[in-house]
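Residues per chain are reported as follows:
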Amino acid sequence: ETGVTQTPRHLVMGMTNKKSLKCEQHLGHNAMYWYKQSAKKPLELMFVYNFKEQTENNSVPSRFSPECPNSSHLFLHLHTLQPEDSALYLCASSQEPTGGTDTQYFGPGTRLTVL
Amino acid sequence: KNQVEQSPQSLIILEGKNCTLQCNYTVSPFSNLRWYKQDTGRGPVSLTIMTFSENTKSNGRYTATLDADTKQSSLHITASQLSDSASYICVVSAETGFQKLVFGTGTRLLVSP
C-alpha cells in the first residue's frame, strides 16, 4: 500500500445525485491532489492543495467541488454530473507541491460511473 | 505545447523475455522524468525518477534511460514476470514554481505465460 486510501472504490450515480469521494493520506505530506483518469487519455490534474489551501484549479467544472479540511484529508463533492464524467478519480499526496524531485503517492482510485 | 508521447500503446511478451518501452517528450523547461507502473484498478506507483544530469537509473529488473538532448527516455524490463503486466506511464516534470507534471497515455504491457 502507498499510504493513501480512497473511499469508495466504486461508485455508480445518477446525474441528479450528490455524492462525495474521500481521500486520506497517512504519510505526513503537505500537498494533496485530485486527478481524473479517462480511458486512453493521460491523467488530468484537477485540483491541488498545499497546507489545506487550494493552489491550483485546472479549469474544472463547478459540478466538482473539492474540500480539504486538513493536510491529511481531501474530499471531492459531486453534483449534477454528466455521463462523460465517468472515469477513475485518483487522489495523490506529496511532501510539497513546489518543484524538485518530490514523488507523488497515489491512492487506488474511485471508479465512478454516471448513468 | 508540453506533451509526452509513449510507444507502443500496447505490448504482449512471453514470460521471461525482455522488453523496452519508449517515451518522447517536448516538455520545457525540463526538470525530471519519472516512470510509473499502474496495475489494473490501482493507482500509479513510482518506479524511477531521473533529473537532467542522470542518463540511467535502475530499480530491480527495471532500468530507465534518459537522453535529454533528444528528449527521449526508455524503460527496459529484464526477465519479465507475470506480475509485470500493467500500464507503464511516463511523466515529465516542467521546471516551474509549481511542480507541473505532464503525463503520457501509458503503454499497456501483458506478460503471457
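Quick note: structure is the one above.
Procedures and definitions
Residues numbered from 1 in each chain as written. Chains lettered and ligands numbered in written order. Predicted model: local features only at pLDDT ≥ 70, side-chain atom pairs only at ≥ 80, totals over all residues. Heavy atoms only, no water. 1 Å grid on protein atoms, 1.4 Å probe; cavity = no way out; pocket = protein on both sides within 12 Å on 5 of 7 lines; lining within 4 Å. Points joined across faces, edges and corners; volume = space filled by probe spheres on them. Nonpolar A, V, L, I, M, F, W, Y, C, P; charged D, E, K, R; others polar. Helix = DSSP H or I, 4+ residues; strand = E, 2+ residues; numbered from the N terminus. Buried < 20%, exposed > 50% of the residue type's maximum accessible area, 1.4 Å probe, protein only. Polar contact = N/O pair within 3.5 Å; in protein donor to acceptor, adjacent residues only side chain to side chain. Contact = heavy atoms within 4.5 Å.

Asks: I would appreciate a short explanation of the layout of surface pockets in the present structure.
Replies: When its volume is computed, the largest pocket comes out at roughly 660 Å³. For the largest pocket, the lining is made up of 28 residues, of which Ala39 and Lys40 of chain A together with Ser87, Thr105 and Arg108 of chain B are closest to its centre. The residue inventory of the lining of the largest pocket, partitioned by class, reads 8 nonpolar, 14 polar and 6 charged. As for the second largest pocket, its lining consists of 17 residues, and the residues nearest its centre are Pro42 and Leu43 of chain A together with Leu101, Val102 and Phe103 of chain B. For the lining of the second largest pocket, the secondary structure elements donating two or more residues are β5 (44-50) of chain A together with β1 (4-7) and β10 (100-103) of chain B. Element by element, the count of residues in the lining of the second largest pocket is highest for β10 of chain B, at 4 residues. Grouping the amino acids of the lining of the second largest pocket by side-chain chemistry returns 8 nonpolar, 5 polar and 4 charged.

Asks: Explanation requested: the side chain of Gln6 of chain A in the structure shown.
Replies: Residues and elements named next belong to chain A. Here Gln6 lies in strand β1 (residues 4-7). For Gln6, a relative accessible area of 4% corresponds to the buried category. Here the side chain of Gln6 touches Tyr89 through a polar contact of 3.0 Å, landing on its backbone oxygen. Within the structure, the side chain of Gln6 is placed 2.9 Å from the backbone nitrogen of Cys91, a separation counted as a polar contact. If sequence neighbours within four positions are ignored, Gln6 has contacts with Lys22, Cys23, Trp34, Tyr89, Leu90, Cys91, Gly107, Pro108, Gly109 and Thr110.

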